[in-house]
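# Structural characterization, general
Spelled out from the first residue to the last, the chains are:
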Amino acid sequence: MINLKTRFFGFELKNPLIVASSSLTADADKIKAFAESGAAAIVLKSVFEEEIINEYNQIGESKSASHFDEFMDYFDYKIRDQVLASYGRLIKAAKEVSKTPIVASINCISAGDWLQFASQVQDAGADAIELNLFVMPFDPTRRAEDTRRFYIDTVKEITRRVKIPVAVKISSYFSDLAAICHELDGEKLAGITMFNRFTSPDIDIEKEKVIEAGTLSSENEYLLPLRWVGILSPRLKCPIAASTGVHEARHVIKMLLAGASAVQMASAFYKKGPAYIGEILKGLEAWMDKKGYESIGDFKGRLSLTKAANPALYERAQYLSSFGGYAGS
Amino acid sequence: MTDYSEILKQERNAAWRAELRNAVPNKDRINIERVHMTEAEPHERIKSQTCEVNKGLSPDQARREASRCMDCVNPTCIEGCPVSINIPKFVKYIEAGHFLDAAATLKEFSALPAVCGRVCPQEKQCEAKCFYTQKIKKDPVAIGYLERFAADYERESGKIQVPKVEKRNGVKVAAIGSGPASLSFAGDMIKFGYDVTVFEALHEIGGVLKYGIPEFRLPNSVVDVELENLRQMGVNFEKNFVVGRTASFEDLKELGYKAFFIGSGAGLPNFMNIPGENLNGVMSSNEYLTRVNLMYANQSDSDTPVLRGKCVAVVGGGNTAMDAVRTSKRLGAERSIIIYRRSRDEMPARLEEIKHAEEEGIEFMNLANPIEYLPNAEGRVAKVRLQRMKLGEPDASGRRKPVSIDGDVVEIDIDLAIVAIGVSPNPLIPACLAGLKMSKWGTIEVNEQTMQSSIPEVFAGGDIVRGGATVILAMGDGRRAAASMHDYLKNRYNL
Amino acid sequence: MNKIVEKQRLSELVFKFVVEAPMIAKSRKPGNFVILRIGAKGERIPLTIVDSDLDKGTITLIVQNVGASSGKLCALEAGDCITDMVGPLGKATHIHKPGTILAMGGGVGIAPLYPIVEAFKKAGNRVITVLAARNKDLLILEKEMREYSDEVIIMTDDGSSGRKGLITDGAEEVIKREKVDECIAIGPAIMMKFAALLTKKYNIPTQVSLNTIMVDGTGMCGACRVTVNGETKFTCVDGPEFNAHQIDFDEMLQRLRAYKNEEDLARKK
């Protein structure tokens, strides 16, 4: 009997498939479908600081409010209360339709703003919190030290404040990624997910404008998290989940072999719907069966940095000589 | 509809106005320095909640200040006024020594000039548009001080002109709430000949004018004279009456009321919802100011207590925050601190209030924002943790957004915290009216011109429509609602 | 206005007043309260409306003399007027017919419990009422409660009436012997806290009526705020009744002590 159990978010999961935070996890009906299709955990759509900013801007622009600085001064708090209240309702609704663990997701740009949110989310019944530490280094005045301090302080504050497990989802934009992860590892986290995925700008050359690139991840995006899961999983105490570009059973298996405890998926479900979970699990089981593995633990991390026969490939940044020439030569 | 600018032109051409203009050349007017308001001395005035800080202008000071006004061909000051008061006319009356005429002019437009002269943010309104400010970068004519002068003069002279009231037409109307919006609504409707009753939930009439704005800014006696005027004209006041609870709207209709003006205000306190906010010693500015201004809790013979602090933190940067922090000083605080997340320049309070607060020894901690209150062993607030902020990009209101400086958190010892971050519309009345269209923020939706709500016989104005706004805007709403309710009722009941 | 037409002493510290208030009498429902003030510098205090008479246009209030303000009211006589009185405030009790109601009234909390017991009985429920007081002199409204209860159990601290024991002892006996569909408990905050803990053990939906500090009573100031199910609610407009199992009683008890120092000082004056 094949056992797909694994551990992430501070508890045991029935299999390694986590539905990632996205618009797929924004309402109770969709969440129910994922739960019924066998998802091991569901991360709710993030509460974005952007939502609050947009709402605030809309009101600020409306004629009747334009003069009243005193009225608008702390209006963002009111908007936040409303946004959080409706998120609390989403958590409650999700818990009602699903026995699968529900993880609340907080999109964090700044530590100070989200402290009370964490306890509200806990009170609403979330089983765990995922902090999406969402920093892209485009600000020339912001140094690595600032971001590092932001990550560590936010995690410290929130883990201090709540009893439910806290996990983080990080970006890859670090020159000291290993050091950051080590430091996070010391903070009693229930998991580190690598990596979050920013929407990309693209350019429409006919209209000559900047547009948003497609929101779904593409084939080879899995290679980036694969490398780092391989490098970091043997060195960190806390479990790792891989995210971005995990589209098929084979990607899941690759990540597990590299040392991940679980994966988070979204794009594949946009294309194929919740029922796809069953297909992936079948593929995973079939491979395990073929290989003679009875549980995830039997093969997890077998090909990580310390265990792989040729670990140097994880660390090598240069292309191998086989790509050195042109196709024609 | 007579063109206002035509009227202004005609009046400006009146003989007495032309004479006044010719009496003094403009270049001489420009050289007069703006008048300095006599103020009560800071060390003395912080010993009393009722000692008014601004003492008012003397007649000589008023005439001299009025003479600075150049009676512009195009009076831009009027554009700055939310109710378009005929500013040059009343200012010129003052210059000419006809103070009662000045008061009468004010009362054509504003129901409570003694109030507005004291609380309007003139620096953002009329005085911001004055020729002096706009064109020659000098201190504007002190329009606010002059308005107060004329209103006070009339009141103190005992010769208050009770406006002409039309013959009663037998139609009953109700105003809900007794703040500036309802009071100005009532003042107009009684003039039109209606039977007007103002219903007030509290035991005192006046709304924010009484419970919100402290006496050192707006003495109760000033408000009471205005209320007495309304009574003289025939307005009825019912205290201790919560419309929708004490009697429903249907009950009132059965009693003969044909139309309603809702001016119930923004009396719902906003909190930040941060940890520790429910500790003893952390309260809303509404609670603090109501205890002191309405219940006289600072006085020893009052039964209502108020918590006094040695070190008081007030969160916010508006007029309410200034009122609360200055009240705390008067209640004996050794340290009274404003904690505001933006810079000094961005504080929305009236400049005069900030200046007075500084003089009184109020400390300003700018670019700081509370994130948690911490208790002592008895459950009373003992510390506040503050996140230091910096200013980022401007947001939709045009002001720079405060951004946390990660990791920069300080703790200060306090024993009282007042949360003065704004108010929201009180939901009690709207909840009692089925079918009343509301915005998602709790304000009543009305036609902006007529102030009529989704229920034809219900009109609304003031903070319950605008969120939190100013006294003058509330008054403007009340007057507009009265005019359109009058049209509505005229048609319905063939008046 | 607000004239007292009748005053009756129910115990050493507890008085019953019947007050002229035709509009309030007409609009009021069980669970509502009024806010009143005695004297020009009087404090605004909340009191539950115990009863009303539509024909006479009166309401009945029961008050315990515990401090300066209640003391002033208790000193008034029939014929005197209450300076200010406003109501009916608060959300009315949700009266329905779940079957068997267990009503628990502690001390002066028996007064606000009475109209609720009456309403539940009139709605067709079986009503078992447990009343508790320190001793028999402090036990009020026993006769009135018996009129609207299928059974009344009396508990006193000293055994001078009924049985010796706590209100929760009497209540637990009822719960153990028969199926209780809903519980209402009103009394000192600490009593309501323990009543809630008891009924939570047995999963019985329970309402309590909170007696927080209040100033205006119309939702304007937040003095009466409590945390219910993790959210801040105002006792005066969202309550005074709440789901007992969702209330942060410890926070509520702490907030009740906010003015203890000031009250002690006032008493000494």
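Residues numbered from 1 in each chain as written. Chains lettered and ligands numbered in written order. Predicted model: local features only at pLDDT ≥ 70, side-chain atom pairs only at ≥ 80, totals over all residues. Heavy atoms only, no water.

Along its length, chain B carries 21 helices and 15 strands. Its C-alpha atoms give chain B a radius of gyration of 23 Å, within 12% of the compact-globule value 23 Å for 495 residues. With the C-alpha coordinates aligned to their principal axes, the bounding extent of chain B is approximately 70 × 65 × 50 Å. Residue burial in chain B is summarised as follows: out of 495 residues, 62% are buried. Once local pairs closer than 6 in sequence are excluded, the contacts in chain B between residues at least 24 apart make up 69%. Both charge centroids of chain B, one from 64 positive and one from 66 negative side chains, sit 3 Å from each other. (Helix = DSSP H or I, 4+ residues; strand = E, 2+ residues; numbered from the N terminus. Rg over C-alpha atoms; globule rule 2.2 N^0.38 Å. Buried < 20%, exposed > 50% of the residue type's maximum accessible area, 1.4 Å probe, protein only. Contact = heavy atoms within 4.5 Å. Lys, Arg positive; Asp, Glu negative; His and termini not counted. Charge placed at Lys NZ, Arg CZ, Asp CG, Glu CD.)

This part is about the packing of helix H13 (residues 180–192) of chain B against helix H15 (residues 220–233) of chain B. All names here are of chain B. Where H13 contacts H15, the axes come no closer than 10 Å and their chain directions differ by 25 degrees. As the angle between them shows, H13 and H15 are arranged roughly parallel. In this structure, H13 meets H15 at a crossing whose hand is left-handed. Listed contacts from H15 to Leu 183, Gly 187, Ile 190 and Lys 191 of H13 are Leu 227, Leu 230 and Met 233. Of the residues in the contact of H13 with H15, the class split is 5 nonpolar, 1 polar and 1 charged. (Axes fitted to C-alpha atoms, helices over the stretch in contact; angles between N-to-C directions. Parallel < 35°, antiparallel > 145°, perpendicular 65-115°, else oblique. Left-handed = near helix turned anticlockwise from the far one by under 90°. Nonpolar A, V, L, I, M, F, W, Y, C, P; charged D, E, K, R; others polar.)

All names here are of chain A. The buried fraction of helix H9 (residues 249–258) amounts to 8 of the 10 residues, a majority that puts the element mostly inside the structure. Taken as a whole, H9 has its buried residues at Ala 249, His 251, Val 252, Ile 253, Met 255, Leu 256, Leu 257 and Ala 258. Its buried side turned inward, H9 meets strand S3 (17–19), helix H8 (223–232), strand S11 (240–243), strand S12 (262–265), helix H11 (276–291) and helix H12 (312–315). Positive backbone phi, approximately 125 degrees, marks Gly 259, located one or two places after H9.

Right, let's talk about the sheet that holds strand S8 (residues 335–340) of chain B for a bit. All names here are of chain B. Reading across the sheet, the 5 strands line up as S6-S13-S7-S8-S9 and stay open at both edges, with parallel pairing between neighbours. Where the open sheet ends on each side, the last strands, each with one partner, are strand S6 (282–284) and strand S9 (363–366). In this sheet, neighbouring strand axes are inclined to one another by 20 degrees on average, regardless of whether the strands run parallel or antiparallel. Of the strand pairs in this sheet, S6 and strand S13 (residues 416–419) are connected by 3 bridges, and their pairing is parallel. Within S13, the position partnered with Val 282 by the bridge is Ala 417. Sitting on the sheet, helix H17 (residues 285–294) is in contact with S6 and S13, with an inclination near 80 degrees to S6. (Pairing = 2+ DSSP bridges.)

Facing 35 residues of chain A, the contacting portion of chain B comprises 41 residues. Both faces considered, chain A and chain B share a buried interface measuring about 3,200 Å² in area, 47% of it formed by carbon and sulfur atoms. Among the residues of chain A in contact with chain B, A:Glu70, A:Tyr74 and A:Tyr77 are the three that bury the most area, contributing 22% of the side total. For the pair chain A and chain B, the number of links is 5 salt bridges. (Buried area = accessible area lost by both parts, 1.4 Å probe. Salt bridge = Lys/Arg side-chain N within 4 Å of Asp/Glu carboxyl O.)

With that settled, the discussion passes to a negative patch on the surface. A surface patch of like charges, here negative, comprises C:Glu12, C:Asp137, C:Asp157 and C:Asp158. Note that C:Asp137 resides in the loop between strand S8 (126–133) and helix H4 (142–147). (Patch = residues over 30% accessible without salt bridge, like charges linked within 9 Å, V, L, I, M, F, W, Y side chains within 5 Å. Areas by Shrake-Rupley, 256 points an atom, 1.4 Å probe, with all protein chains shown as cover.)

With 41 residues of chain C in contact, the opposing surface of chain B contributes 45 residues. A per-residue breakdown of the area chain C buries against chain B is headed by C:Lys41, C:Met220 and C:Tyr259, which together make up 21% of the total. Our count for the chain C to chain B interface comes out at 3 salt bridges. In this structure, B:Asp303 and C:Lys72 form a salt bridge, with 2.6 Å as the shortest nitrogen-oxygen distance. The biggest single contributor to the side of chain C that touches chain B is strand S6 (residues 84–89) of chain C, with 6 residues. Taken together, the residues of the side of chain C that touches chain B break down into 15 nonpolar, 12 polar and 14 charged.

Time to look at the packing of aromatic side chains. One pass over the full model with this rule turns up 22 aromatic pairs over all chains. With centroids separated by 6.0 Å and ring planes inclined at 40 degrees, the aromatic side chains of A:Tyr74 and A:Tyr77 adopt a geometry described as tilted. In terms of burial, A:Tyr74 and A:Tyr77 fall into one category: buried. Every member of this aromatic cluster is reached through a ring pair, and the members are A:Phe34, A:Phe269 and A:Tyr276. Residue placement shows B:Arg341 over the ring face of A:Tyr74; its charged tip is 4.5 Å from the ring centre. (Phe/Tyr/Trp six-rings, centres within 6.5 Å; stacked < 30°, edge-to-face > 60°. Lys NZ or Arg CZ within 6 Å of the ring centre and 35° of its normal.)

Quick look at the pairing of strand S11 (residues 381–394) of chain B now. Residues and elements named next belong to chain B. Pairing of strand S10 (residues 368–375) with S11, which is carried by 7 bridges, proceeds in the antiparallel orientation. Paired with Pro 375 across the two strands is Val 381, which belongs to S11. Between the antiparallel neighbours S10 and S11 lie 5 residues, among them Gly 379 with a positive phi of about 85 degrees. Note that S11 and strand S12 (residues 400–413) share 9 bridges and pair antiparallel. In the strand pairing of S12, Arg 385 is matched with Glu 411.

The next point concerns helix H5 (residues 59–68) of chain B. For H5(B), the complete set of buried residues consists of B:Ala62, B:Glu65, B:Ala66, B:Ser67 and B:Arg68. Of the surrounding secondary structure, the elements contacted by the buried residues of H5(B) are helix H3 (26–31), helix H7 (87–95), helix H11 (131–134) and helix H12 (143–157) of chain B.

The omega angle of the peptide bond from A:Met194 to A:Phe195 is 5 degrees, so this bond is cis rather than trans. For A:Phe195, the position within the fold is in the loop between strand S8 (192–194) and strand S9 (201–204). Note the cis peptide between C:Gly239 and C:Pro240, where omega equals 10 degrees. Of note, C:Pro240 is situated in the loop between strand S14 (231–234) and strand S15 (241–243). Positive phi, normally seen in glycine, also occurs at A:Thr244, with a value near 95 degrees. Among the secondary structure elements, A:Thr244 is positioned in the loop between S11 and H9. Of note in this structure, B:Asp71 is not a glycine but carries a positive phi near 50 degrees.

Residues A:Lys290, A:Lys291, A:Arg302 and A:Lys307 make up a contiguous surface patch of positive charge. Tracing the backbone through its elements, the reader meets A:Lys291 in helix H11.

Moving on, we come to a nonpolar patch on the surface. Residue and element names in this part refer to chain A. A contiguous nonpolar surface patch, about 340 Å² in accessible area, is contributed by Ile 203, Ile 205 and Val 210. Looking at where Ile 205 falls in the secondary structure, it is placed in the loop between S9 and strand S10 (209–212). Residue Ile 205 is classed as exposed on the basis of its relative accessible area, which comes to 66%.

All names here are of chain B. Taken together, the 5 strands give an open sheet; going across it, the order is S3-S2-S1-S4-S15, and neighbouring strands pair in parallel fashion. The open sheet is flanked by strand S3 (236–238) and strand S15 (458–460), the only strands paired with a single partner. Geometrically, the sheet is characterised by an average inter-axis angle of 25 degrees between neighbouring strands, direction not taken into account. Contacting strand S1 (172–176), strand S4 (257–262) and S15, helix H21 (residues 471–493) runs over the sheet at an angle of about 160 degrees to S4.

What follows covers the confidence of the model for chain B. Mean pLDDT over chain B works out to 94, with 99% of the residues at or above the 70 mark. Both scores are given for the predicted complex: the pTM is 0.87, the ipTM 0.94. (pLDDT = per-residue confidence, 0-100.)

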